[in-house]
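# Structure assessment
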Amino acid sequence: DSSTSRGLGDVYKRQEYAYLDIDRRKLMLIVAKERGKWLLLLWALGFSTVGRFCIYLFPAVWGVIGALFLAQAFAGMGIAGIGLGLLFQVSQILIYVPLFLWMMEEADKKSRQFAYLRKIGTAGKNNRRYFLCFFVALSVLFLGILTESYAGSGLVQMILRIVY
């Protein structure tokens, strides 16, 4: 039966992942690139008048990606897949979501300020606070990257080793 062999293959893949030797430094670089590009784009949108409208597309995109991830986990493993999928997303839930919500608010403020200052001819001034916000966000992002690369993948592997 092909469904039985598929199910066994899935179990084998989960067992394989549980004991896989993950190069955490490479994983950290991949995660840094993926998360960093979103933060940089969000920050850059604050310097445009259309940015305040584009900023609100971020939660929709992230929501769709997260929902697809959980749906795939559920389709492959059932209810256990949702639990495992949520474990994979601990750093997103605890660190990235609050960080990006805060940056969305800051980018929205900056975009509104930029639009107003552009009208009166002083756009491009008063950027010190916004640059400081960006560097604070980078620090928090780095914490999230470390959590996702080291703690998150290690936690999932530990649970899979217990189960399998």
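These remarks concern the structure in this document. Here the structure is a predicted model, which is why all the values come from computation and not from measurement. (Residues numbered from 1 in each chain as written. Predicted model: local features only at pLDDT ≥ 70, side-chain atom pairs only at ≥ 80, totals over all residues. Heavy atoms only, no water.)

## Some details on the overall build of the chain
Quick note on the threshold: Counting from the N terminus, the helices are DSSP H or I runs at least four residues long and the strands are E runs at least two residues long. Type-normalised accessible area, obtained with a 1.4 Å probe on protein chains alone, sets the label of each residue: buried when under 20%, exposed when over 50%, and partly exposed for intermediate values. By definition in these notes, contact holds between two residues if any of their heavy atoms fall within 4.5 Å. The protein chains shown are the only cover counted for residues, whose accessible areas, like all others here, come from Shrake-Rupley with a 1.4 Å probe.
Each helix and strand in the chain was counted, giving 7 helices and 0 strands. Each helix (α) and strand (β) of the chain, taken in turn from the N terminus, gives the series α-α-α-α-α-α-α. Residues classed as buried in the chain amount to 32% of the 164 residues present. The long-range share in the chain, meaning contacts at least 24 apart out of those at least 6 apart in sequence, stands at 78%. Accessible surface computed for the chain: about 10,200 Å², of which carbon and sulfur atoms make up 69%.

## Points about the packing of helix α4 (residues 58–77) against helix α5 (residues 79–88)
Using the following cut-off: Between the N-to-C directions of two axes lies an angle of 0 to 180 degrees, each axis being a line fitted to C-alpha atoms and, for a helix, fitted only over the stretch in contact. Working definition: roughly parallel below 35 degrees, roughly antiparallel above 145 degrees, roughly perpendicular at 65 to 115 degrees, and oblique for all remaining angles. If you view the pair so one helix is near and one far, a crossing is left-handed when the near helix is turned anticlockwise from the far one by less than a right angle, and right-handed when it is turned clockwise. Following the grouping adopted for this structure description, the nonpolar residues are Ala, Val, Leu, Ile, Met, Phe, Trp, Tyr, Cys and Pro, the charged ones are Asp, Glu, Lys and Arg, and the polar ones are all others, Gly among them.
Contact geometry of α4 with α5 gives a least axis separation of 6 Å together with a crossing angle of 140 degrees. Judged by the angle between their axes, α4 and α5 are oblique. Viewed along their axes, α4 and α5 form a crossing whose handedness is right-handed. Across the interface between the two elements, F69, L70, A73, F74 and M77 of α4 pack against I79, A80, G81, I82, L84, G85, L86 and F88 of α5. Residue composition of the contact of α4 with α5, by class: 11 nonpolar, 2 polar and no charged.

## Here we look at the side chain of E106
Its location among the elements puts E106 in helix α6 (residues 90–120). If near-sequence neighbours (up to four positions away) are discounted, E106 is found in contact with R129, Y130 and C133.

## Some points on the environment of G85
Mapped onto the fold, G85 is located in helix α5. For G85, a relative accessible area of 2% puts it in the buried group. Sequence separation between G85 and L70 is 15 residues, and the spatial gap between their C-alpha atoms is 5.8 Å. Contact partners of G85, with chain neighbours within four places excluded, come to F69 and L70.

## Considerations on a nonpolar patch on the surface
The test is simple: Patches here are clusters of residues that have more than 30% relative accessible area and form no salt bridge, with a 9 Å joining cutoff for like charges and a 5 Å cutoff for nonpolar side chains (Val, Leu, Ile, Met, Phe, Trp, Tyr). By definition, a salt bridge exists where a carboxyl oxygen of Asp or Glu is found within 4 Å of a side-chain nitrogen of Lys or Arg.
A surface patch of nonpolar side chains, amounting to about 920 Å² of accessible area, comprises F74, I79, I82, L86, V90, I93, L94, L155, M158 and I162. Secondary-structure elements contributing two or more residues to the nonpolar patch are α5, α6 and α7 (128–163). Summarising the element assignment, L94 is placed in helix α6.

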